[in-house]
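Architecture at a glance
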Amino acid sequence: GSSAAQATQPKAQVLMPKRAREAESCSSSKSRRSGEAAAATFSAAPNLEELRGSLAAFAAARDWDQFHTPRSLALALTGEVGELCECFQWRGDAACAPGLPGWTDADRTHLGEEMADVLMYLVRLADRSGIDLPAACAAKLERNGQKYPADRCRGSSAKYTSYNPDADGVARGSQLS
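Described in the following lines is the structure provided in the data block. Here the residue index of a chain counts from 1 through its sequence in written order. This being a predicted model, a pLDDT of at least 70 is required before a residue's local features are given, and a value of 80 or more before pairs of side-chain atoms are given or counted; all residues contribute to the totals for chains, interfaces and linings. Remark: hydrogens and water are excluded; side-chain values derive from all non-hydrogen atoms of the structure.

1. Some words on the overall build of the chain
- Within the chain, the regular secondary structure consists of seven helices and zero strands.
- By the criteria applied, helices consist of DSSP H or I runs no shorter than four residues and strands consist of E runs no shorter than two, each listed in order from the N terminus. In the chain, the succession of helices and strands from N to C terminus is α-α-α-α-α-α-α.
- Here's how the labels work: a residue is buried when its accessible area is under 20% of the maximum for its type, exposed when over 50%, partly exposed in between, all with a 1.4 Å probe on protein chains only. Across the 177 residues that make up the chain, the buried fraction comes to 30%.
- In the chain, once contacts between residues fewer than 6 apart in sequence are set aside, the share between residues at least 24 apart is 67%.
- Accessible surface is estimated by sampling points in the Shrake-Rupley manner with a 1.4 Å probe; for residues, cover comes only from the protein chains shown. Accessible surface, the chain: about 11000 Å² in total, of which carbon and sulfur atoms supply 59%. Any two residues whose heavy atoms approach within 4.5 Å are treated as being in contact.

Take a look at the structure:
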C-alpha cells in the first residue's frame, strides 16, 4: 500500500512496488463470492522457504539488502499492519464475520494485497534476523498448546494464568503471544 511508513522511506526499502503487487495480486477472490465461507486451505506453493528465497533474490537484484535491517523491516511491517487494519476499519463486526459477507471482489483483492505485504515483510524480517520462521511458529504453537489446554480453556478468552495453576506466572500478553 501507500503507508506513511513507506512514504518516509527511500523507495528502495519497499519490497515490491505497488504496480508489481497489483499485477501479481491474488486471484483467489474470484473463486469465493461474498458470503461464502473462507477457504480452508492455502495453495501449496510457494511455501515459506520459497517465499524467503524469492524475497531475498528480489532485494539482492536491486541492492536493497543495505536498507533491509531488522529494525527497518520491523518498522515497515508495522506500517503494513496498519494498512491491513484499515481494510476493516469502520465496517463493524457483522461485516467482518468469517467469510467476509458483503465484501466485493475488489475489497477482497485489496485485503489479500495488504496481507501479502505483511507476510512478505515478516518473512523478510525473519530472514534478515536469522530466524527460522516455520520452526519458530511450530515451537510457539506447541508452547501455546501447553499454556492453553483445550480441556481447560475451550470457549474462554481468559488468560492462561486464570485456569492453569501450573502456569509459570510470566505475563506474556495475548493468547497467541
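2. A short note on unusual backbone geometry
- The linkage connecting alanine 45 with the following residue, proline 46, adopts the cis geometry, with an omega of 0°.
- Following the sequence through the fold, proline 46 ends up in the loop between helix H2 (18-23) and helix H3 (48-61).
- Positive phi, normally seen in glycine, also occurs at aspartate 63, with a value near 55°.
- Mapped onto the fold, aspartate 63 is located in the loop between H3 and helix H4 (70-86).
- In this model, leucine 100 sits at a positive phi of 50°, which is unusual for a non-glycine residue.
- Owing to a relative accessible area of 13%, leucine 100 belongs among the buried residues under this scheme.

3. What about the packing of aromatic side chains?
- When the centres of two rings from Phe, Tyr and Trp lie within 6.5 Å, Trp using its six-membered ring, the rings pair. Their planes under 30 degrees apart give stacked, over 60 give edge-to-face, and anything left gives tilted. Evaluation of the coordinates by the stated rule reveals three aromatic pairs.
- Between phenylalanine 88 and tryptophan 103 the ring centres are 5.3 Å apart and the planes differ by 50°, which places this aromatic pair in the tilted class. Of this pair, phenylalanine 88 sits in the loop between H4 and helix H5 (105-129) while tryptophan 103 sits in the loop between H4 and H5, and the two are 15 residues apart along the sequence.
- With relative accessibility at 30%, the residue phenylalanine 88 sits in the partly exposed group.
- Each ring, one from tyrosine 148 and one from tyrosine 160, has its centre 5.6 Å from the other, and the planes form 80°; the classification is edge-to-face. Of the two residues, tyrosine 148 is situated in the loop between helix H6 (133-147) and helix H7 (150-153) and tyrosine 160 in the segment after H7; the sequence distance between them amounts to 12 residues. Accessibility classification places tyrosine 148 together with tyrosine 160 in one group, the buried group.
- Here the basic side chain of arginine 62 rests over the ring of phenylalanine 58, its NZ or CZ set 3.6 Å away from the ring centre.
- In this scheme, Lys NZ or Arg CZ marks a charge over a ring once it lies within 6 Å of the ring centre and within 35 degrees of the ring normal. Seen from the ring of tryptophan 64, arginine 62 lies directly overhead, with NZ or CZ sitting 5.9 Å from the centre.

4. Some points on the state of the cysteines
- Cysteine sulfur atoms are paired as a disulfide whenever they come within 2.5 Å of each other. Following the criterion strictly, the structure yields zero disulfides and no others.
- For cysteine 85, which is in no disulfide, the shortest distance to another cysteine sulfur is to cysteine 87 and amounts to 8.7 Å.
- You can call cysteine 85 partly exposed: its relative accessible area is 47%.

5. A short note on the environment of threonine 104
- Relative to the helices and strands, threonine 104 is located in the loop between H4 and H5.
- Looking at threonine 104, the relative accessible area reads 41%, which means it is partly exposed.
- Side-chain atoms alone can form a polar contact between residues adjacent in sequence; in general such a contact is a pair of N or O atoms within 3.5 Å, and within protein one must be able to donate a hydrogen while the other accepts it. Here the side chain of threonine 104 touches aspartate 107 through a polar contact of 2.9 Å, landing on its backbone nitrogen.

6. Quick notes on the nonpolar core
- Definition used in this section: a nonpolar core is a set of buried Ala, Val, Leu, Ile, Met, Phe, Trp, Tyr and Cys residues joined via side-chain atoms within 4.5 Å. Within the largest apolar cluster, 11 residues are counted, these being Leu73, Ala76, Leu77, Leu84, Cys87, Leu100, Trp103, Leu111, Val118, Tyr121 and Leu125.
- Broken down by secondary-structure element, the contributors of at least two residues to this core are H4 and H5.
- The contact partners of cysteine 87, leaving out residues within four places of it in the chain, are Trp103, His110, Leu111 and Glu114.
- Formed by six residues, the second largest nonpolar core is a distinct cluster that contains Leu51, Leu55, Met120 and Val123.

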